[in-house]
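Descriptive structure summary
One-letter residues, chain by chain:
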There are 2 protein chains.
Amino acid sequence: MAFRSQLVAPRWLWSNAATPALRSASRGYMGYSREQRCGLATAVPPVTQDVTGSKGPTAMVFMNMGGPSTTDQVEDFLSRLFSDGDLIPLGRLQSYIGPLLARRRTPKIQKQYADIGGGSPIRKWSEYQCEEMCKILDKISPETAPHKPYVAFRYAAPLTETMYNQLLEDGFGNGKGGRAVAFTQYPQYSCSTTGSSLNELWKWRTRLEGKRSNGEVDPTGTIQWSVIDRWPTHSGLVEAFAQNIEAQLKTYPEDKRDQVVLLFSAHSLPMSVVNRGDPYPAEVAATVHAVMQRLKFKNPYRLCWQSQVGPSAWLGAQTQDTVMEYVKRGQSDLILVPIAFTSDHIETLYELDLEVMEEANSPGVKRAESLNGNPTFIQALADVAHAHLQKGELCSPR
Amino acid sequence: MAFRSQLVAPRWLWSNAATPALRSASRGYMGYSREQRCGLATAVPPVTQDVTGSKGPTAMVFMNMGGPSTTDQVEDFLSRLFSDGDLIPLGRLQSYIGPLLARRRTPKIQKQYADIGGGSPIRKWSEYQCEEMCKILDKISPETAPHKPYVAFRYAAPLTETMYNQLLEDGFGNGKGGRAVAFTQYPQYSCSTTGSSLNELWKWRTRLEGKRSNGEVDPTGTIQWSVIDRWPTHSGLVEAFAQNIEAQLKTYPEDKRDQVVLLFSAHSLPMSVVNRGDPYPAEVAATVHAVMQRLKFKNPYRLCWQSQVGPSAWLGAQTQDTVMEYVKRGQSDLILVPIAFTSDHIETLYELDLEVMEEANSPGVKRAESLNGNPTFIQALADVAHAHLQKGELCSPR
C-alpha cells in the first residue's frame, strides 16, 4: 500500500504510561458488550486510552468491508465474507459452509466485477479519502498532527492484520504507545458491518499486543485506540449527499424537477438481524430524513433496501421492485441515491447502474453520484474526526 | 360532543367560486394516488382548495384511530377496526371475517379497558388538545380565525360521518364553502393509519357533498379541505417528547442518570405493510433521532416495536422482549418512551404500564408521560397548523 509505506519518524511517538481505564469502548447502548449483543461466543477485552495525554502522531484507520481489486481476488473475498458470523450467521459449521458457498458464487460475482471494469474501486477511494482527510486534519488539528492514513478492510486487502502490523512497523505500540482512531466508513452502525470490523480489530489487537489482564487496563506502551462508530446525520455528510442529488436533479427539465422521486437505497439486512434490534434501519432513516430536511422536502422520496440474497426474510421494500412499480405506473423520473455507503462498489456500479437501470429501461431513471472523492465529503470526514479528537471520547454512548 | 355543539354564525362562511384544481391532495410521494399505493380497489377523487381566498372561519379536524370510551363500546370499536382493510388486510371476506374476529376478542379487550379505568382517554385528550390549539390559533393566526375544533375517529365515536354532518350543520359546505383542515394526530405517516383516516374522509365527502365530476374540481360551495399528513420531526413535538423524558430521567440518582436506557416504543406494522414501502418505520426513526439530538445523545437508546398480533411476521425488535433482555442482563434502569402516539391509550396504559412493567418487575423500569395535555405539545400543534395555514399547501409533497 503506497500510501502507508512512507517512513515514520520516531518523533511521532510518545511514552504511554499505564492508564486507568476511562471507559469500555466496546460497551454498547445495551449496557452489555457489543460482542454479547451480536451473539458472539468470545467477549473481547475493551479498548481504553489516556485521552489526557493526547498528542500527535495519530493513526487514522478507515474501516470498511472492502472489495476485490481484481477478479482473481473474488473467491478469497467471498470466502471471508461468508465465514463472518457477524454478517451472515450460519451457525457452528460457518467455517466449513462459508468457503463452499463462496466457491459456488465466485464465477457469477467475478463476472459482475468484470462488468464494472475488473474490480472494486473501494480501495482506491478509501486510500484517497483517508489521505486527503489527514492533510486537512494536519491543518485544523495541529495538536494531534501528524495524522497518518491507514485502511483496514474486513474481507479484502488491506486486511485488519496487515494494517495492524503496519502500525507496529511504523512505530506505534511496542512499548511506545501512540494514538489510533478506528473510523468506521459505514455512517450508520450495524452489528454486521461496523460491529464486525471492531470485533476483528479487537481480535488482532489481542493477538498482536496481548490480552488486557483485567479486561480494562491497557498494558503499558500499547496502541491507544478510540472509535468513531457512527455519524449518520453529520451536517457535512448530509450536505455532500444533498449536493450530489441537486446536481442530478439539474439534469431534468425545470418544470419536471420537483416531481422527480428520490429513491434512497441502502443495503438490506436479514429480518433476523433487524428483529434482534440492530440500530442500522433507524440510523439509515435518520440520514434520509436529514438529507430531505436539507433539501426542504421539495421532492417526493422513499427509502428502500437492496441486495438481499437467499431464501430468508429481509427488510423491504426492495429497491428493484420499487423502481419497477414506479415505472409501471408512469413515474419514470427518479433518482437512485445510495445512502449507506460512501464510495462506489458492486452494489452501485453493477446492481443499480446495470441491473436496475437496464430493467427499468427509461432515460428518466438516474443515479446520484457516490461520494467518492467529493471535497465536501472529505471535509466532512475531517470535521467528524476533528470533533472526535477534541472531545476525547472513546466511542458514542450507544 | 360538547365542544362541537356551539352555534356557528353564518358570517364565518364565504362564497366558494369553482376553483381550478391546484393539486391533487391525494397524490402521494409515489406519483400515483395514495389509494393505489395502499392497494385499495376504489380510487377516491382528490380534495382541492382555493388557497388564495383563505380566510376564517377554519374548521380544524383532528383525525385519529380513537378508542372505546366505555367497555360497552369495545365490540363496535373492534368490529370497525378488523373491518378496515387499510389497517388489517383480510381480503375479500373482510366484512364477514372482521366482525367475527372482533366478537372473539371482545371479552379479553373489555377486561383490558376495565383494568385501565373503564375506557380509553383518547377522546377526552383529543377534544382538549384541539380546543386548546384553536384558542392559540385564534391569537397567532387572526386572518384564519375563528378556528373551530372537531375530532374524527376511525373506529370510535365521534366517527368521520358524525364530524362531517356536524360540519355541514355548523354552516360549512352546502353552497357556502368554508375551509377545513384535516390534521392527522399520527405524527408519522402510515397507509394503515393516516391513510385509512383520509380514505374514510374522502368517502364521506363524496357521499355527503357529491362526486367531483372530473376528479379534480370541487363543486361550488363545498367544503375546501387541506391536509396535514405528517409532522414527525417538528421542533415543538420533539421538544415536548424531550421534556417528558428529562422529567423522568430526573427521578433517577444523578450518578446513574446518564446510563439509563431510553427505549422508544412505537406500534409495530406487519412486514407485508413494511415491505410494500410504508413510510412509517423511517418516519418513526426520524422522530427518535431528532429527540436524541435534542437530548445531545447523552443516554444509550433504542427503537423497538410493540403490540404485534397474530401469527404473521411483524417488524421488530419487540418492546417486551427487549425490556426483558435488558433486565436479564442487569440493565434495569430504563425509560419506555411512547413515540408514535400523542396521548394515552390501551398500548401505553395497559400494555406498557401493566403488562411490560409487571413482567419486568423492577423499580428502574419506568415510562415517560404521554403528551396528553402538555402545553409545549399543544403549542407545537398550533405551530404546525399555523405554518400549514400560512403556506396554503394542500398536503406534503410525499
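Note that the coordinates shown come from a computational prediction; the quantities given were computed from them, not determined experimentally. (Residues numbered from 1 in each chain as written. Chains lettered and ligands numbered in written order. Predicted model: local features only at pLDDT ≥ 70, side-chain atom pairs only at ≥ 80, totals over all residues. Heavy atoms only, no water.)

1. Comments concerning the packing of aromatic side chains
Enumeration according to the criterion identifies 20 aromatic pairs over all chains in this entry. Taking the centre distance of 6.0 Å and the plane angle of 55° together, the rings of A:Tyr280 and A:Trp305 count as tilted. Here A:Tyr280, found in helix H9 (residues 280-294), pairs with A:Trp305, found in strand E6 (residues 301-306); they are 25 residues apart in sequence, far enough to count as distant. According to the relative accessible area criterion, A:Trp305 is buried, its value standing at 6%. Residues B:Phe62 and B:Phe183 carry aromatic rings whose centres are separated by 5.3 Å and whose planes lie at 80° to one another, so their mutual orientation is edge-to-face. Here B:Phe183 lies in strand E3 (residues 179-184) and B:Phe62 lies in strand E1 (residues 58-64), a separation of 121 residues in the sequence. One aromatic cluster in this structure is built from A:Phe62, A:Phe183, A:Trp231 and A:Phe377. In this structure, A:Arg207 packs its charged tip against the face of A:Trp204, placed 4.7 Å from the ring centre. The ring of A:Tyr252 carries A:Lys366 above its face, with NZ or CZ at 4.3 Å from the centroid. (Phe/Tyr/Trp six-rings, centres within 6.5 Å; stacked < 30°, edge-to-face > 60°. Helix = DSSP H or I, 4+ residues; strand = E, 2+ residues; numbered from the N terminus. Buried < 20%, exposed > 50% of the residue type's maximum accessible area, 1.4 Å probe, protein only. Lys NZ or Arg CZ within 6 Å of the ring centre and 35° of its normal.)

2. A closer look at a negative patch on the surface
Residues and elements named next belong to chain A. A contiguous patch of negative charge on the surface is contributed by Asp321, Glu355, Glu358 and Glu359. Among the elements that make up the negative patch, the one with the highest residue count is helix H11 (residues 346-360) (three residues). Looking at where Glu355 falls in the secondary structure, it is placed in helix H11. (Patch = residues over 30% accessible without salt bridge, like charges linked within 9 Å, V, L, I, M, F, W, Y side chains within 5 Å. Areas by Shrake-Rupley, 256 points an atom, 1.4 Å probe, with all protein chains shown as cover. Salt bridge = Lys/Arg side-chain N within 4 Å of Asp/Glu carboxyl O. Lys, Arg positive; Asp, Glu negative; His and termini not counted. Charge placed at Lys NZ, Arg CZ, Asp CG, Glu CD.)

3. Focus: the sheet that holds strand E8 (residues 365-367) of chain A
All names here are of chain A. Taken in spatial order, the four strands line up as E6-E5-E7-E8 in an open sheet, and their pairing is parallel. Edge positions in the sheet fall to E6 and E8, since each has one partner strand and no second. The mean angle between the axes of side-by-side strands here comes to 30°, regardless of whether they run parallel or antiparallel. Alignment of strand E7 (residues 334-338) against E8, held across three bridges, turns out to be parallel. Its bridge partner lying in E8, Leu334 is registered against Val365. Taken strand by strand, H11 contacts strand E5 (261-267), E6, E7 and E8, and its axis lies near 175° from that of E8. (Pairing = 2+ DSSP bridges. Axes fitted to C-alpha atoms, helices over the stretch in contact; angles between N-to-C directions. Contact = heavy atoms within 4.5 Å.)

4. Observations concerning the interface of chain B and chain A
Across the boundary between the two partners, chain B contributes 35 residues, which contact 35 residues of chain A. In total, about 2800 Å² of surface goes out of reach between chain B and chain A, with carbon and sulfur atoms giving 58% of it. The interface formed by chain B and chain A holds zero salt bridges in total. The interface formed by chain B and chain A contains nine residue pairs in polar contact (both at pLDDT 80 or more). Partitioning the side of chain B that touches chain A into residue classes produces 19 nonpolar, nine polar and seven charged. (Buried area = accessible area lost by both parts, 1.4 Å probe. Polar contact = N/O pair within 3.5 Å; in protein donor to acceptor, adjacent residues only side chain to side chain. Nonpolar A, V, L, I, M, F, W, Y, C, P; charged D, E, K, R; others polar.)

5. Some thoughts on the pattern of salt bridges
Scanning the entire structure with this criterion turns up 32 salt bridges over all chains. Taking the shortest distance from any N to any O, the salt bridge between B:Glu325 and B:Lys328 comes out at 3.8 Å. Linking B:Glu325 with B:Lys328, this pair stays in helix H10 (residues 319-328), spanning three residues, or about one helical turn. Assessed through its relative accessible area of 66%, B:Lys328 is described here as exposed. Shared partners join several salt bridges into a network, and the residues in it are A:Asp84, A:Arg154, A:Glu200 and A:Lys203.

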